[in-house]
Amino acid sequence: MTAQTPSTGGAAVRFAYWVPNVSGGLVISRIEQRTGWDVAYNQELARIAERSGFDYALSQIRFTAGYGADNQHEPMAFSQALLAATSRLKVIAALLPGPWNPAVAAKQVATISHIAGGRIAVNVVSGWFRGEFAAIGEHWLDHDERYRRSEEFIRALRGIWSEDSFSFRGDFYRFADYTMRPKPLGPAPEIFQGGSSRAARDMAARVSDWYFTNGNTPEGLAAQADDLRARAAEQGRSVRVGINAFAVVRDTEAEARAVVDDIVAQADGDAVRAFGHEAKNAGHASPEGKGNWADSTFADLVQYNDGFRSNLIGTPRQVAERIVALKRAGADLILLGFLHFQEEVEYFGRHVIPLVRELEAAAPLAVAAE
Ligand SMILES: Cc1cc2nc3c(=O)[nH]c(=O)nc-3n(C[C@H](O)[C@H](O)[C@H](O)COP(=O)(O)O)c2cc1C
């Protein structure tokens, strides 16, 4: 880890949770999961998360079942149900360039921003699932072309949101003297984006507010965060970093480990292998071969964004200490998945977040300067 990694300095690390807007939970396993994907379950979860100290909720965009997620609610529409149920939580709605056009997306987000007091953000995903694109008749672009399109998409969103008479001539999108009104409430909606490839980080450095990455060790995260921040600095920009983690927090470490062992032992092998096949194609598709999932093991894939790798598995104190280590390695935000969402978000808010705040307060300079 190097000295430049933290961007938060003394700021409190933020917490987000994955919205289970697709069925089957966040692990590809037959283990019992008391997690629902319906509207009522999610509205209650959003209320619990908000009062438990979570800042953001991130929804997923899926058009077909990719890993047993047989039902998938559309995130932009779904976000409104969550926003209506809460008053402070920010909802990050996923958007997939291709099916979405930036003119429509910019307008949807602006209207939701007015409905919800500016609490809407977007996660511009670039696509990894070729079969899904084929199923809905979308062209499948090469890896780095997908990022070129996403970058134009983000530049278009920013332009439409901030300018009148916006003109843009890209290879994928064009705008001529376009004024959209109303603009979203200020400050402009935050733009998140995820991936692990060279193209993903370079795009984040140029245009994103936030960069999401799959689960990783503090060392793996620091390598990505340093690289990203160095490239962003060359552009005179700063980008914040969020890392995925699947949290299993129990009274003893043995209990927590046993839950993860059980999740993996009861994995739906066929679904994990099918997902792994698609994901690894995507992971190897980037020119340098280092995208998400490029070196994921079977166990990593059971939580489909490598969430076990971040190792937030143990007692509240162990998990709080590891969160601070991730922060020191460059994370501004921890994105969390859980087995039984409602119960575990509440437990996390009661037992882990206060410890993180204590550790942050006790050693702010150590976090900022190490
Ligand atoms: C936190 C996070 C959330 C993501 N959410 C979605 C999603 O909802 N739908 C989707 O199709 N891809 C999603 N992705 C996939 C990315 O947009 C990207 O396609 C994938 O990570 C492969 O990128 P890479 O080859 O640059 O590593 C997500 C990735 C991350 C890290």
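Residues numbered from 1 in each chain as written. Predicted model: local features only at pLDDT ≥ 70, side-chain atom pairs only at ≥ 80, totals over all residues.

A. Spotlight on the overall build of the protein chain. If you tally the helices and strands in the protein chain, you get 14 helices and twelve strands. The globule rule puts the C-alpha radius of gyration for 370 residues at 21 Å, and the 19 Å found for the protein chain is close to it. C-alpha atoms of the protein chain, sized along the principal axes, occupy 60 × 50 × 45 Å. Burial status across the protein chain gives 51% buried among its 370 residues. Here the analysis covers contacts within the protein chain between residues at least 6 apart in sequence; of these, 77% occur between residues at least 24 apart. (Helix = DSSP H or I, 4+ residues; strand = E, 2+ residues; numbered from the N terminus. Rg over C-alpha atoms; globule rule 2.2 N^0.38 Å. Buried ≥ 20, exposed ≤ 12 C-beta atoms within 10 Å, placed from the backbone. Contact = placed C-beta atoms within 7 Å.)

B. Expanded view of the site of the ligand. Around the ligand, 25 residues are found, and the nearest of them are Val 125, Gly 194, Gly 195, Ser 197 and Gly 291. Those elements that provide at least two residues to the shell around the ligand are helix 6 (198-207) and strand 8 (210-213). (Near = placed C-beta within 6 Å.)

C. Inspection of the packing of helix 3 (residues 102-115) against helix 5 (residues 143-162) at higher detail. Where helix 3 contacts helix 5, the two axes come as close as 9 Å, and the packing angle between them is 50°. Accordingly, the angle class assigned to the pair helix 3 and helix 5 is oblique. The chirality of how helix 3 crosses helix 5 is right-handed. The segment helix 3 lies against helix 5, with Pro 102, Ala 105, Ala 106 and Ala 110 engaging Phe 153, Ala 156, Leu 157, Ile 160 and Trp 161. Residues of the contact of helix 3 with helix 5, tallied by class, amount to nine nonpolar, no polar and no charged. (Axes fitted to C-alpha atoms, helices over the stretch in contact; angles between N-to-C directions. Parallel < 35°, antiparallel > 145°, perpendicular 65-115°, else oblique. Left-handed = near helix turned anticlockwise from the far one by under 90°. Nonpolar A, V, L, I, M, F, W, Y, C, P; charged D, E, K, R; others polar.)

D. Representation of helix 1 (residues 39-51). The first and last C-alpha atoms of helix 1 sit 19 Å apart over 13 residues, in line with the 18 Å expected at 1.5 Å per residue. Along helix 1, the residues classified as buried are Asn 42, Leu 45, Ala 46, Ala 49 and Glu 50. Mapping the buried residues of helix 1 onto a view down its axis gives an arc of 130°, with all of them on the same face. Residues of helix 1 that are buried in the fold lie against strand 1 (14-18), strand 2 (56-58), helix 2 (75-84) and helix 12 (341-351). One or two positions beyond helix 1, positive phi appears at Gly 53, with a value near 100°. (Expected span 1.5 Å × (residues − 1). Arc of directions from axis to C-beta.)

E. Fine view of the pairing of strand 9 (residues 240-246). Among the seven residues of strand 9, seven are classified as buried, and the element is accordingly described as predominantly covered. Residues Arg 240, Gly 242, Asn 244 and Phe 246 point to one face of strand 9 and Val 241, Ile 243 and Ala 245 to the other, with burial holding for every one of them. Sheet topology note: the strand 8/strand 9 ladder contains four bridges and is parallel. Each residue of the ladder has a partner; that of Phe 212, found in strand 9, is Gly 242. Between strand 8 and its parallel partner strand 9, the chain crosses via helix 7 (residues 218-234), and the hand of that crossover is right-handed. (Pairing = 2+ DSSP bridges. Right-handed = clockwise from strand over helix to strand, strands pointing away.)

F. Focus on the nonpolar core. Grouped together as the largest cluster of nonpolar side chains are 113 residues, with contacts concentrated most on Ala 16, Ala 57, Ala 247, Ile 334 and Leu 335. Ala 57 has contacts with Ala 16, Tyr 17, Val 19, Ala 46, Ala 49, Leu 82, Leu 89, Val 91 and Ile 92, leaving out every residue within four places of it along the chain. (Core = buried A, V, L, I, M, F, W, Y, C linked by C-beta atoms within 7 Å.)

G. Layout of unusual backbone geometry. With an omega dihedral of 0°, the bond running from Arg 181 to Pro 182 counts as a cis peptide bond. Along the polypeptide, Pro 182 turns up in the loop between strand 6 (174-178) and strand 7 (191-194). A cis amide bond links Gly 186 to the next residue, Pro 187, at an omega of -10°. In this model, Ser 165 sits at a positive phi of 50°, which is unusual for a non-glycine residue. Tracing the chain through its elements places Ser 165 in the loop between helix 5 and strand 5 (166-169). Exposure remark for Ser 165: the 9 C-beta atoms within 10 Å place this residue in the exposed category. Notably, Asp 306 is not glycine yet its phi reads approximately 55°, a positive angle.

H. Spatial organisation of the sheet that holds strand 8. Here we have eight strands rolled up into a closed barrel, ordered 1-2-3-4-7-8-9-12, and parallel in their pairing. Pairwise comparison of adjacent strand axes, ignoring direction, gives a mean angle of 25° for this sheet.

I. Broad picture of the environment of Leu 45. Within the secondary structure, Leu 45 is located in helix 1. Between the C-alpha atom of Leu 45 and that of Glu 234, which follows or precedes it by 189 residues, the distance is 40 Å. In contact with Leu 45, other than residues within four places in its own chain, are Phe 341, Gln 342 and Val 345.

J. Fine view of the environment of Ala 16. Position of Ala 16 relative to the elements: it lies in strand 1. Once residues lying within four places of it in the same chain are set aside, the contact partners of Ala 16 are Phe 54, Asp 55, Tyr 56, Ala 57, Leu 58, Gly 242, Leu 333, Leu 335 and Leu 336.

K. How the structure looks around the confidence of the model for the protein chain. On average, residues of the protein chain score 93 in pLDDT, and 95% of them reach the 70 mark or higher. Counting interchain partners and residues more than four positions distant, the pLDDT-below-50 stretch residues 1-8 has 28 contacts. In the model, residues 365-370 has pLDDT below 50 throughout and makes nine contacts with residues more than four positions away in sequence or in other chains. (pLDDT = per-residue confidence, 0-100.)

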